[in-house]
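An overview of the molecular structure
Okay, here's what each chain looks like letter by letter:
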Amino acid sequence: CVVCAVCAVAYCAVVLCCVLCVLAYCVLWGCCGVLCCGCYMLWWRAVGAVELMHTSEWQKLQEHTAAFAAKHSARVCVTYRCRVVAASDSWWELDSDEIVVLAALLASGQPAHAYDIPVYLPITSPKVPFRLLKCVLASDTELWVLCGQDPSLSDILDKGLDSWQAVLHSLEAVPQHFPRCVPPRVEVDRGITAYLLLDRACSRCLCSLLPQAEMDSSHSPRRQETMLRRRRHLLAFYHSVAGRELPLQAGDGLDGPDDGPAAAIVQTAMETYMCGNDFKAYAIRRDHLQLFAIHRVTVPTYSMRSITGSLFDALQELHPFRR
């Protein structure tokens, strides 16, 4: 009986250790996923859009991605830390809700070098699954292929990845644009601490919580605390004005009573701002784009409009947002 009791206790101890290890892994992976991806999960959840990253090598990567997609008759995109760096036209031709669903899947993917999973798309193919293939091209840079029965994952790994050696220099240059997420030619005023550019028409967005930062692989507690604080400010401002003071188009404002004087009021603000105790914020709406910018509290209120407007002009010239 004593031996049985000892064995039972040892067995329970082993099971408990296994459970603790699994929990620790889940917590560690969840935290790393949130911090390394710049809280990407929160952004697609909050704004319902795919997060982009625009680099100086975008043209080369885009052309190679398009050629790769045509060769394999597939929809293809290249991501860096869950942000879309380049994608074939066929990828963007999917329904916007499906693209957001795929973005959620990209952000929640497990840390594997490659895998092949079935995916049902609610509009394009609700009954017959596509295959979603993932391969690692470089550090934190991944290739995603949405296809049918062909090509196989082994074909992509054995032959397909070799073609990306031609743009290896461009792939290696991608991390240099993080966490700014824009080319060096896009100048961001030092008074702006974070911003979110949202294209609701195409369900795309561009965000940076460290717009003045240089490439840095470290994840110091102070830097992560800064990112989380700026994220909270940006989300608070976005939720306070998006669809209310700053609708996408006339009629998208705050719902009011069906009759009475309030029913005739339609809020169609093109710009709005907010002043808080530890930050200031300014938002601009032009056509299909909305820009939400967080400013340092020391920035004069009268200058926020011109500073935010200059950033808007620079960002809307980037190819993904150009019309």
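Everything below is about the structure shown above.
Quantities reported herein were computed from a predicted structural model and do not represent experimental measurements.

Another aspect to go through is the state of the cysteines. Applying the stated criterion across every chain, the model contains 0 disulfides. As a non-bridged cysteine, Cys205 has Cys207 as the owner of its nearest cysteine sulfur, 6.9 Å distant. Overall, Cys205 belongs to the buried group, its relative accessible area being 0%.

Right, let's get into the side chain of Thr141. Tracing the backbone shows Thr141 in strand β6 (residues 141-147). If we skip the residues at most four places from it in the chain, Thr141 touches Val78, Thr79, Tyr80, Cys135, Val136 and Leu171.

The subject of this paragraph is a negative patch on the surface. Side chains of Asp150, Asp155, Asp158 and Asp162 sit close together on the surface and give a patch of like negative charge. Looking at where Asp162 falls in the secondary structure, it is placed in the loop between α6 (153-158) and α7 (168-173).

Time to look at the sheet that holds strand β8 (residues 204-208). With respect to topology, 6 strands assemble into an open sheet ordered β1-β8-β7-β11-β10-β9, the strand pairing being mixed. Whereas interior strands pair on both sides, the edge strands pair on one side only; in this sheet they are β1 (50-51) and β9 (271-275). Bridge analysis of β1 against β8 gives 2 bridges, and the strand direction is parallel. Its bridge partner lying in β8, Glu51 is registered against Cys205. Contacting β7 (192-199), β8, β9, β10 (280-286) and β11 (289-295), helix α8 (residues 221-241) crosses the sheet at an angle of about 135° to β11.

Conventions and cut-offs
- Residues numbered from 1 in each chain as written.
- Predicted model: local features only at pLDDT ≥ 70, side-chain atom pairs only at ≥ 80, totals over all residues.
- Heavy atoms only, no water.
- Disulfide = S-S within 2.5 Å.
- Buried < 20%, exposed > 50% of the residue type's maximum accessible area, 1.4 Å probe, protein only.
- Helix = DSSP H or I, 4+ residues; strand = E, 2+ residues; numbered from the N terminus.
- Contact = heavy atoms within 4.5 Å.
- Patch = residues over 30% accessible without salt bridge, like charges linked within 9 Å, V, L, I, M, F, W, Y side chains within 5 Å.
- Areas by Shrake-Rupley, 256 points an atom, 1.4 Å probe, with all protein chains shown as cover.
- Salt bridge = Lys/Arg side-chain N within 4 Å of Asp/Glu carboxyl O.
- Lys, Arg positive; Asp, Glu negative; His and termini not counted.
- Charge placed at Lys NZ, Arg CZ, Asp CG, Glu CD.
- Pairing = 2+ DSSP bridges.
- Axes fitted to C-alpha atoms, helices over the stretch in contact; angles between N-to-C directions.

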